[in-house]
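Topology and contacts: notes
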2 protein chains.
Amino acid sequence: MRAVQTPYVLIDLDIIEAKYNDLANALPSTELCYAVKANPGGPVIERLAAVGSSFDVASVPEIELVLSYGVDPGRVSFGNTMKKQRDIAYAASRGITRFTIDSENELDKVLAEVPNAEICVRLFHECVGADWPLSKKFGCGAGDATRLLVAAGRRGATTGMSFHVGSQQRNLESWDEPLRVVAEVFEEVARHTRRPEFVNLGGGFPGSYLDAMPPISEYGRAINRAITAAFEGNVPRLMAEPGRYLVADAGTLHTEVVLVSERDIDSRRWVYVDCGVFGGLAETLGESIRYRLATDKDHDSMVDIVLAGPTCDSADIIYEKAGYRLPATLGAGDIVRIASTGAYTTSYSAVGFNGFAPLQQVYCGSQLLKSNPRSGAVSMGR
Amino acid sequence: MRAVQTPYVLIDLDIIEAKYNDLANALPSTELCYAVKANPGGPVIERLAAVGSSFDVASVPEIELVLSYGVDPGRVSFGNTMKKQRDIAYAASRGITRFTIDSENELDKVLAEVPNAEICVRLFHECVGADWPLSKKFGCGAGDATRLLVAAGRRGATTGMSFHVGSQQRNLESWDEPLRVVAEVFEEVARHTRRPEFVNLGGGFPGSYLDAMPPISEYGRAINRAITAAFEGNVPRLMAEPGRYLVADAGTLHTEVVLVSERDIDSRRWVYVDCGVFGGLAETLGESIRYRLATDKDHDSMVDIVLAGPTCDSADIIYEKAGYRLPATLGAGDIVRIASTGAYTTSYSAVGFNGFAPLQQVYCGSQLLKSNPRSGAVSMGR
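All values derive from a computational prediction rather than experimental measurement.

Turning our attention to the environment of H164 of chain A. Residues and elements named next belong to chain A. Inspection of the secondary structure puts H164 in the loop between strand 8 (158–162) and strand 9 (167–169). Of the residues examined, H164 reaches a relative accessible area of 17% and is grouped as buried. Taking C-alpha positions, H164 is 20 Å from Y209, a pair spaced 45 residues apart along the chain. Aside from chain neighbours lying at most four places away, what touches H164 is R122, H125, C127, L134, G203 and G204. Only 2.9 Å separates the side chain of H164 from the backbone nitrogen of G166, close enough to count as a polar contact.

Structural data, given as structure tokens:
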């Protein structure tokens with residue numbers, strides 16, 4: 001294994017494949033559309049395409065990325081509810097026909113470019129129980145959704161609905177209420193035009209951070225029960241948009257200790273590492289996502305620490321209040337491994353704050369060894 | 001002027017020069033060290049070097065950037081209080097001798113590489129009155145500072161102290177207390193070893209956002225008064241580290257409206273633009289920095305809006321509570337100009353979240369016209 005400069009995320013592609021299979025088993029008959037924004041690494045896309053995933057994209061560059069791996073455009077959903085007219089036109093020129101909207105203006109934009117589009121109307125859903133609840137940025141209420149679906153259906157579009165229960169959702173009943181609303185909207189729409197055909201169950205499936213979460217099989221059982229309750233014998237075509245769940249646990253961020261200091265201002269032990277909130281750990285803002293830490297010295301006595309990043313920015317503190325402990329013997333040059341950092345790290349990284357390079361990603365996994373027999377277990381790349 | 005794709009920040013280099021001169025007039029006999037992290041654009045460094053600025057750098061890439069413009073290493077201060085051993089060695093190999101520290105471990109690291117270093121000890125200072133107060137990430141108390149300065153002095157280093165009053169500081173008396181503490185520490189250190197030689201006044205000088213701030217001349221008068229009060233006839237060599245003040249007002253971010261929608265969930269008018277908190281507007285998190293907005297339709301009737309970015313991330317909302325208004329006629333394709341966005345925008349931008357490219361920067365200004373007579377008024381580059 002050749003030396004890689006810290007900080008970097010090591011992605012195990014075999015874990016991504018295993019997670020995909022686990023989710024596919026938990027949600028049978030559901031098309032899984034990987035949310036590329038969670039980790040747009042090329043080998044990640046390649047592996048998920050190989051195991052049969054569909055893809056949810058947010059932008060033209062994500063479309064180009066996914067199609068560059070030979071993915072059929074029919075398996076790509078343009079899930080961003082606000083798209084430039086020229087980006088919709090570009091997507092259409094590449095053969096993409098599936099678009100998400102939540103407003104009349106956006107419906108008009110899409111149908112102007114793609115008259116036979118598959119229109120997904122996003123329902124607003126107030127999240128409870130998620131570590132990162134969603135704002136009101138996306139989605140409309142049942143009233144607007146009904147109007148949009150009727151309008152789209154009458155203009156010849158295939159239609160369906162999506163919703164999102166919030167990231168890192170721990171409440172297994174979170175899908176009940178939005179599915180009930182979706183079923184009601186479908187009934188109402190069917191009175192005016194063709195019945196909507198599909199439901200996108202969104203994401204929210206968890207990564208393995210400090211707090212234990214239910215196994216994915218329980219999510220599957222709860223969602224399948226909610227679908228049956230909402231739609232009875234008339235179950236629509238199903239999709240989901242997993243992002244975090246597929247990639248988070250596949251990543252381990254390696255960061256080097258730059259300095260350990262204790263100062264008279266607070267008598268705390270500050271451990272400064274070479275990756276911080278601007279370098280990929282943005283989800284630790286407010287200490288909401290609490291990753292698991294490990295070092296080679298964890299058999300030594302452990303002490304309370306504050307963990308902070310390498311920039312000259314006072315906001316660049318990773319964990320100050322969450323009660324983290326690290327070995328008393330840890331010092332400059334040692335490596336801290338941060339587990340389950342495969343989602344929303346390299347893609348969130350700043351382009352060059354304080355001059356530091358963006359967080360890099362390296363890959364390991366059986367497929368890679370097979371296709372690059374002489375490259376060793378680790379392959380560099382974005 | 002050739003067409004540039006939004007989003008981009010247009011930097012007027014002449015404004016940077018004017019700001020430098022205004023600050024130099026307000027703080028005579030003070031070496032101004034531009035904090036490169038605020039905006040590391042090449043032409044920004046070039047212009048500031050040309051007008052005589054020194055530079056405060058946070059990392060090896062920032063050292064390389066500044067030296068690539070022919071800056072004398074003696075005018076470069078490595079102001080990050082946590083540096084890898086090999087980065088200190090690299091800085092030393094490039095002729096840099098000025099280092100900031102706030103702990104004994106860091107002092108040892110620096111003196112191991114640069115025995116005759118100029119050591120700046122950063123004092124912790126509890127900020128009040130700043131729009132972005134600082135955390136306890138940096139600086140030590142007067143006790144630690146005294147010990148570090150005595151140790152450094154006895155080991156042959158030239159010494160001094162720095163502090164920071166907090167970003168966008170509106171209280172002109174903020175420099176009084178830390179300067180008083182610094183003067184006391186200097187007295188105490190002088191009892192044990194060579195008296196420290198310099199004071200770095202830090203930054204905190206404001207950009208022109210929505211709230212009016214005092215003119216820079218009043219900052220100068222207040223600080224000069226505080227220096228005289230603290231040091232009487234024994235004024236040390238003075239430095240300052242302006243970042244935001246020099247570059248913020250020189251920048252205008254141009255962003256395109258992607259979608260305007262009103263949805264039944266909140267009956268508010270949402271304006272989605274192609275630059276958001278992940279694309280360079282990170283300082284709007286919590287709506288703490290409130291930029292001035294302008295469009296070509298500002299003569300039309302204005303309506304309350306929520307301003308949000310282009311990503312599929314529910315946190316990517318720029319202004320929701322601050323009471324912003326934009327023209328009722330504003331629609332997709334129109335440009336919103338965001339003023340005073342020359343600081344902490346391009347450098348904070350994510351490398352590619354949701355697939356969107358990092359925020360670009362273009363330049364205008366007289367010097368540029370002179371050196372590139374055929375390039376027109378705008379030059380592309382990072």
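Moving on to the sheet that holds strand 11 (residues 237–240) of chain A. Residue and element names in this part refer to chain A. Ordered in space as 2-3-4-5-6-8-10-11, the 8 strands form a closed barrel in which the pairing is parallel. Each adjacent strand pair in this sheet contributes to an overall mean axis angle of 25°, direction not counted. Here strand 5 (residues 98–101) runs beside strand 6 (residues 118–122); their pairing, made up of 4 bridges, is parallel. Bridging from a neighbouring strand, T100 pairs with C120 of strand 6.

Within this structure, the stated rule accounts for 52 salt bridges over all chains. The partner of D144 of chain A in a salt bridge is R147 of chain A, and the shortest N-O contact between them spans 2.7 Å. Taken together, the residues D144 of chain A and R147 of chain A, both in helix 6 (residues 142–154) and 3 residues apart, mark about one turn of the helix. Look at D144 of chain A and you get buried, because its relative accessible area is 14%. Here R269 of chain B ties to E262 of chain B by a salt bridge, and the two come within 2.6 Å at their closest N and O atoms. For E262 of chain B, a relative accessible area of 49% corresponds to the partly exposed category. Salt bridges here are not isolated pairs; linked through shared partners, they connect E31, R98, E118, E197 and R237 of chain A.

Let us look at helix 3 (residues 60–67) of chain B. All names here are of chain B. Among all positions of helix 3, only V60, E62, I63, V66 and L67 are buried. End-on view of helix 3: buried residues confined to an arc of 160°, all on one side of the axis. The inward-facing, buried residues of helix 3 abut helix 2 (42–50), strand 3 (54–57), strand 4 (76–78) and helix 4 (85–93).

In this assembly, 70 residues from chain A lie in contact with 70 residues from chain B. When the two sides are added together, the surface that chain A and chain B hide from each other amounts to roughly 5,400 Å², 58% of it contributed by carbon and sulfur. Our enumeration of links across chain A and chain B arrives at 8 salt bridges. Between K84 of chain A and D274 of chain B there is a salt bridge, with its nearest N and O atoms 2.6 Å apart. Summed over the shared surface of chain A and chain B, the number is 38 residue pairs in polar contact (both at pLDDT 80 or more). Those elements giving two or more residues to the side of chain A that touches chain B turn out to be helix 3 (60–67), helix 5 (104–113), helix 6, strand 12 (251–262) and strand 13 (269–273) of chain A. Looking at side-chain class alone, the side of chain A that touches chain B contains 27 nonpolar, 22 polar and 21 charged residues.

Residue and element names in this part refer to chain B. Mapping H254 onto the fold places it in strand 12 (residues 251–262). At a separation of 3.0 Å, a polar atom in the side chain of H254 contacts the main-chain carbonyl oxygen of T252. H254 has contacts with T6, P7, Y8, L10, I335, V336 and R337, leaving out every residue within four places of it along the chain.

Residues and elements named next belong to chain A. You can read the domains of chain A as domain 1 (13–247) and domain 2 (249–381). Domain 1 puts 23 residues into the contact, and the matching count from domain 2 is 24 residues. In this assembly, domain 1 packs against domain 2 so that about 2,200 Å² is buried in total across both faces, 53% of it on carbon and sulfur atoms. Seen at the junction of domain 1 and domain 2, the total is 3 salt bridges. Counting the contacts that link domain 1 with domain 2 gives 15 residue pairs in polar contact (both at pLDDT 80 or more). Elements with a minimum of two residues in the side of domain 1 that touches domain 2: helix 1 (13–26), helix 2 (42–50), strand 7 (130–132) and helix 9 (244–247). The element contributing the most residues to the side of domain 1 that touches domain 2 is helix 1, with 5 residues.

Quick look at the sheet that holds strand 11 (residues 237–240) of chain B now. Residue and element names in this part refer to chain B. Spatial ordering of the closed barrel is given by 2-3-4-5-6-8-10-11, a layout of 8 strands whose pairing is parallel. Looking at each pair of strands side by side, their axes are set apart by 25° on average, direction ignored. Direction of pairing for strand 10 (residues 198–200) relative to strand 11: parallel, over a ladder of 3 bridges. Note that in strand 11 the partner of V199 across the bridge is L238.

Mapping chain A onto chain B leaves a residual RMSD of 0.0 Å; the transformation is a rotation of 180° accompanied by 0.0 Å of translation along its axis. As the rotation angle and translation indicate, the two copies are arranged about a two-fold axis.

A separate point is the packing of aromatic side chains. Under the defined criterion, the tally for this structure stands at 28 aromatic pairs over all chains. Ring geometry for W270 of chain B versus Y272 of chain B: centroids 5.9 Å apart, planes at 20°, classification stacked. With relative accessibility at 0%, the residue W270 of chain B sits in the buried group. In this structure an aromatic cluster arises from ring pairing among F278 and F353 of chain A together with Y344 and Y348 of chain B. Cation over ring: K83 of chain B sits above F78 of chain B, and NZ or CZ is 5.6 Å from the ring centre. The cationic tip of R263 of chain B hangs over the ring face of W270 of chain B; the distance from NZ or CZ to the ring centre is 5.0 Å.

Residue and element names in this part refer to chain A. By the criterion of burial, strand 1 (residues 8–12) is predominantly enclosed, with 4 of the 5 residues buried. Pairing between strand 1 and strand 20 (residues 360–364): 5 bridges, direction parallel. Bridge pairing in strand 20 links V9 to Q361. Note: strand 1 against strand 12, 4 bridges, orientation antiparallel. Across the sheet, residue I11 finds its bridge partner in strand 12, namely G251.

A volume near 1,100 Å³ is recorded for the largest pocket. Around the largest pocket, the lining comprises 40 residues; the ones closest to its centre are A282, L285 and G286 of chain A together with L285 and G286 of chain B. Among the residues making up the lining of the largest pocket, the classes are represented as 22 nonpolar, 11 polar and 7 charged. By volume, the second largest pocket amounts to about 590 Å³. Within the residue set of the lining of the second largest pocket, elements represented by two or more residues are helix 3 and helix 4 of chain B. Residues belonging to the lining of the second largest pocket are distributed by class as follows: 18 nonpolar, 10 polar and 6 charged.

For the rest of this paragraph, the subject is the nonpolar core. Grouped together as the largest cluster of nonpolar side chains are 105 residues, with contacts concentrated most on Y34, I119 and F205 of chain A. Y34 of chain A has contacts with N39, V44, I45, L48, S53, S54, F55, D56, P242, G243, L246 and V247 of chain A, leaving out every residue within four places of it along the chain. With 104 residues, the next largest nonpolar core counts A49, F55, L111 and M161 of chain B among its residues.

Parameters and conventions
- Residues numbered from 1 in each chain as written.
- Chains lettered and ligands numbered in written order.
- Predicted model: local features only at pLDDT ≥ 70, side-chain atom pairs only at ≥ 80, totals over all residues.
- Heavy atoms only, no water.
- Helix = DSSP H or I, 4+ residues; strand = E, 2+ residues; numbered from the N terminus.
- Buried < 20%, exposed > 50% of the residue type's maximum accessible area, 1.4 Å probe, protein only.
- Contact = heavy atoms within 4.5 Å.
- Polar contact = N/O pair within 3.5 Å; in protein donor to acceptor, adjacent residues only side chain to side chain.
- Pairing = 2+ DSSP bridges.
- Axes fitted to C-alpha atoms, helices over the stretch in contact; angles between N-to-C directions.
- Salt bridge = Lys/Arg side-chain N within 4 Å of Asp/Glu carboxyl O.
- Arc of directions from axis to C-beta.
- Buried area = accessible area lost by both parts, 1.4 Å probe.
- Nonpolar A, V, L, I, M, F, W, Y, C, P; charged D, E, K, R; others polar.
- Domains from an automatic or database assignment.
- Least-squares fit on C-alpha atoms with pLDDT ≥ 70 in both.
- Phe/Tyr/Trp six-rings, centres within 6.5 Å; stacked < 30°, edge-to-face > 60°.
- Lys NZ or Arg CZ within 6 Å of the ring centre and 35° of its normal.
- 1 Å grid on protein atoms, 1.4 Å probe; cavity = no way out; pocket = protein on both sides within 12 Å on 5 of 7 lines; lining within 4 Å.
- Points joined across faces, edges and corners; volume = space filled by probe spheres on them.
- Core = buried A, V, L, I, M, F, W, Y, C linked by side-chain atoms within 4.5 Å.

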